[in-house]
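# Reading the structure
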Amino acid sequence: MLTTPNRCFYLVFTLFLVITLACSSVPFRSSQTESNIPPTRTRLPTFTPTVFVEQPISIPPTPTIPPPPTDTPIPAPPPVVDTPTPQPLPTDTPVPPPPTAPPAAAPPPTQPPPPTQPPAPSAQNGVIGKITFRDGKNTYAVGEKVFVRIEAANVDSGLKPFGILGLTPDTGNFQTSWDNGTIEAGKTFTHEDGLAFPSPGNHKLWLSICFSTKEECQGPNGNWVRYEPGLDVIIQ
């Protein structure tokens, strides 16, 4: 499709061509001299059509205009409803509790209970031996003598001679209480003795009897018996 400038150019060019062709068709009268000259035919100009190339037209995109922001409707506040305030019910006036009596004075400290006696030992070599605290306590000071009652009952039918009878502490220092003695059948040998512990702590004390001669008891062949369970002694 031709644009308006190209269309005008094309009309002018066509008009020019028509006029040129009309002029060439009019008869030409030559003179006598020129009559002998053969007519020369004028070569018509050639027409070279011009090709018009249509230039592409770039149309920029139409910008999209965002719609104007709409106002967000603000919700209307809920209607205020007058809520009646409940009136507090009348309450009885609290009566303060009566004053409490002062705590009773703590009773004075009592003496520690006496130590429990160990269970009865079983017979060994026909003799039941045991020791008990003479003073009814098991707590002593360092260097204080711990006194005990010694009992050795013969439950056999004959005499029971012994070479040495004494106390064995857990410190290892044996103390002889009696030597070269005899216990009659069905009788009980009794005696009191004591020893001191040199260091504080929990200690143990046993009754030991050697049923051999005194000389043999001092050697490796003595027949020694230590009676359990012994006594628990606390040294402070």
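Further up the page is the structure itself.
Residues numbered from 1 in each chain as written. Predicted model: local features only at pLDDT ≥ 70, side-chain atom pairs only at ≥ 80, totals over all residues. Heavy atoms only, no water.

All right, on to the side chain of serine 212 then. By the element assignment, serine 212 lies in the loop between strand E7 (201-210) and helix H3 (214-217). Excluding anything up to four places from it in sequence, serine 212 contacts Phe162, Gly163, Cys217, Asn221, Gly222 and Asn223. (Helix = DSSP H or I, 4+ residues; strand = E, 2+ residues; numbered from the N terminus. Contact = heavy atoms within 4.5 Å.)

Glancing now at the pairing of strand E5 (residues 175-183). Bridge count between strand E4 (residues 160-169) and E5: seven bridges; the pairing is antiparallel. Paired with lysine 160 across the strands is isoleucine 183, a residue of E5. In this antiparallel pair of consecutive strands, E4 and E5, the connection spans five residues, and glycine 172 shows a positive phi of 95°. (Pairing = 2+ DSSP bridges.)

Throughout the structure, instances matching the rule amount to nine salt bridges. Measuring nitrogen to oxygen at the nearest pair gives 3.1 Å for the salt bridge that ties aspartate 135 to arginine 134. Residue class for aspartate 135 comes out partly exposed when judged on its relative accessible area of 41%. Between aspartate 156 and lysine 160 there is a salt bridge whose closest N-O contact spans 3.3 Å. (Salt bridge = Lys/Arg side-chain N within 4 Å of Asp/Glu carboxyl O. Buried < 20%, exposed > 50% of the residue type's maximum accessible area, 1.4 Å probe, protein only.)

To continue, consider the sheet that holds strand E8 (residues 224-235). Strand order across the open sheet formed by five strands is E2-E8-E7-E4-E5, with mixed pairing between neighbours. The open sheet terminates on both sides in strands that have one partner only, identified here as strand E2 (139-140) and E5. Sheet analysis places E7 next to E8, joined by nine bridges and oriented antiparallel. Bridge assignment links isoleucine 209 to a residue of E8, and that residue is valine 225.

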